[in-house]
Amino acid sequence: MLFGFSRDQAVPLWWVWQKVDNSTVWGVAGASFILGLPLLSGVTAFAATTSIATTGLALTYGMPILLRIVNRNSYLETGPFTLGRGPDDITLLTVAQRDLLDYQIDNILLSSNTQAK
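About the thresholds
Numbering of residues starts from 1 in each chain and follows the order in which that chain's sequence is written. The predicted nature of this model means local features are confined to residues of pLDDT at least 70 and side-chain atom pairs, given and counted, to a pLDDT of 80 or more, with totals for whole chains, interfaces and linings taken over all residues. Working from all heavy atoms in the structure, the side-chain values ignore hydrogens and water. In this text, helices come from DSSP runs of H or I with a minimum length of four residues, and strands from runs of E with a minimum of two, each type numbered from the N-terminal end. Note on contacts: a residue pair is in contact if any heavy atoms of the two residues lie within 4.5 Å. We get accessible surface area from the Shrake-Rupley algorithm with a probe of 1.4 Å; when it comes to residues, only the shown protein chains can shield them. Classification of ring pairs uses Phe, Tyr and Trp, with its six-membered ring standing for Trp, and accepts pairs whose centres are within 6.5 Å; under 30 degrees between planes counts as stacked, over 60 as edge-to-face, and the remaining range as tilted. Accessible area is worked out with a 1.4 Å probe on protein chains only. A residue is then buried under 20% of its type maximum, exposed over 50%, and partly exposed in between. An expected span of 1.5 Å times one less than the residue number is assigned to each helix. At any given residue, the bend is defined as the angle formed between two axes, one fitted to the seven residues that end at that position and one fitted to the seven that begin there. pLDDT is a per-residue confidence score from the predictor, ranging from 0 to 100. To count toward a patch, a residue needs a relative accessible area over 30% and no salt bridge; like charges are then connected within 9 Å, while nonpolar side chains (Val, Leu, Ile, Met, Phe, Trp, Tyr) are connected within 5 Å. We define a salt bridge as a side-chain nitrogen of Lys or Arg found within 4 Å of a carboxyl oxygen belonging to Asp or Glu.

1. Re the overall build of the protein chain
In terms of regular secondary structure, the protein chain is built from five helices and zero strands. The order of helices and strands in the protein chain, counted from the N terminus, is α-α-α-α-α. Across the protein chain, the fraction of contacts at a sequence separation of at least 24, relative to all contacts at a separation of at least 6, is 24%. Total accessible area computed for the protein chain in this model is approximately 9700 Å², and 69% of it derives from carbon and sulfur atoms.

2. Regarding the packing of aromatic side chains
On inspection of all chains with the given rule, the structure shows one aromatic pair. Seen from their ring centres, Trp-14 and Trp-15 are 6.0 Å apart, and the 85 degrees between their planes marks the pair as edge-to-face. By relative accessible area, which is 47% here, Trp-15 ends up partly exposed.

3. Some thoughts on helix 4 (residues 43–70)
Look at helix 4: 39 Å from first C-alpha to last across 28 residues, which is about the 40 Å you get at 1.5 Å a residue. A maximum bend of about 30 degrees is found in helix 4 at Gly-62, where proline Pro-64 lies one to four positions downstream.

4. Re the confidence of the model for the protein chain
Looking at the protein chain, the pLDDT average stands at 75 and 74% of residues meet or exceed 70. Taking the mean pLDDT of every element in the protein chain, the minimum, 69, falls on helix 5 (residues 86–116) and the maximum, 83, on helix 3 (residues 22–36).

5. Re unusual backbone geometry
The backbone of Gln-9 shows a phi angle near 60 degrees, a positive value even though the residue is not glycine. On the secondary structure map, Gln-9 appears in the loop between helix 1 (2–7) and helix 2 (14–17). The backbone of Leu-13 sits at a positive phi, close to 60 degrees, despite the residue not being glycine. Structurally, the position occupied by Leu-13 is in the loop between helix 1 and helix 2. Classification of Leu-13 by relative accessible area gives partly exposed; the value is 43%.

6. Some details on the environment of Thr-91
Mapped onto the elements of the fold, Thr-91 is located in helix 5. Taking the C-alpha atoms as reference, Thr-91 lies 9.7 Å from Pro-64; in sequence the two are 27 residues apart. Leaving out residues up to four positions away in the same chain, Thr-91 has contacts with Ile-65, Arg-68 and Ile-69.

7. Some remarks on a nonpolar patch on the surface
A grouping of Met-63, Leu-66, Leu-67, Ile-69, Val-70 and Leu-92 is seen on the molecular surface, where their side chains present a nonpolar patch of about 530 Å² in accessible area. Looking at the nonpolar patch element by element, the count peaks at five residues for helix 4. Checked against the element boundaries, Val-70 lands in helix 4. Among the residues examined, Val-70 registers a relative accessible area of 56% and is labelled exposed.

8. Quick word on the environment of Val-16
Relative to the helices and strands, Val-16 is located in helix 2. Take Val-16: its relative accessible area is 39%, and that puts it in the partly exposed class. Each C-alpha atom of the pair Val-16 and Ser-6 lies 8.4 Å from the other, and the pair is ten residues apart in sequence.

Spelled out as structure tokens, the structure:
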């Protein structure tokens with residue numbers, strides 16, 4: 001994911017992460033290790049970290065979908081390949097699927113938390 005975001009110049013030091021070589025791989029592995037150290041302290045830190053990561057990931061996928069719905073034709077230019085009216089239908093289907101999955105996952109997590117107590 002870091003390579004994809006650096007390719008779009010969306011992360012700090014994107015020029016460092018844009019090239020995939022041994023130093024980049026070791027840099028990402030080292031940063032992941034350092035960021036993962038608090039997870040060794042217990043289940044609470046792991047749950048907090050994964051919930052923050054999941055929320056951030058859902059927002060990054062949901063933001064372009066929301067912008068597509070809000071700004072239908074104001075500034076979006078079609079590229080050489082287009083689905084015609086298809087993107088509007090696909091956008092609504094994607095939002096419905098994501099909301100349904102989030103609802104189901106939340107129910108599973110809540111029911112497992114209440115059973116554990």
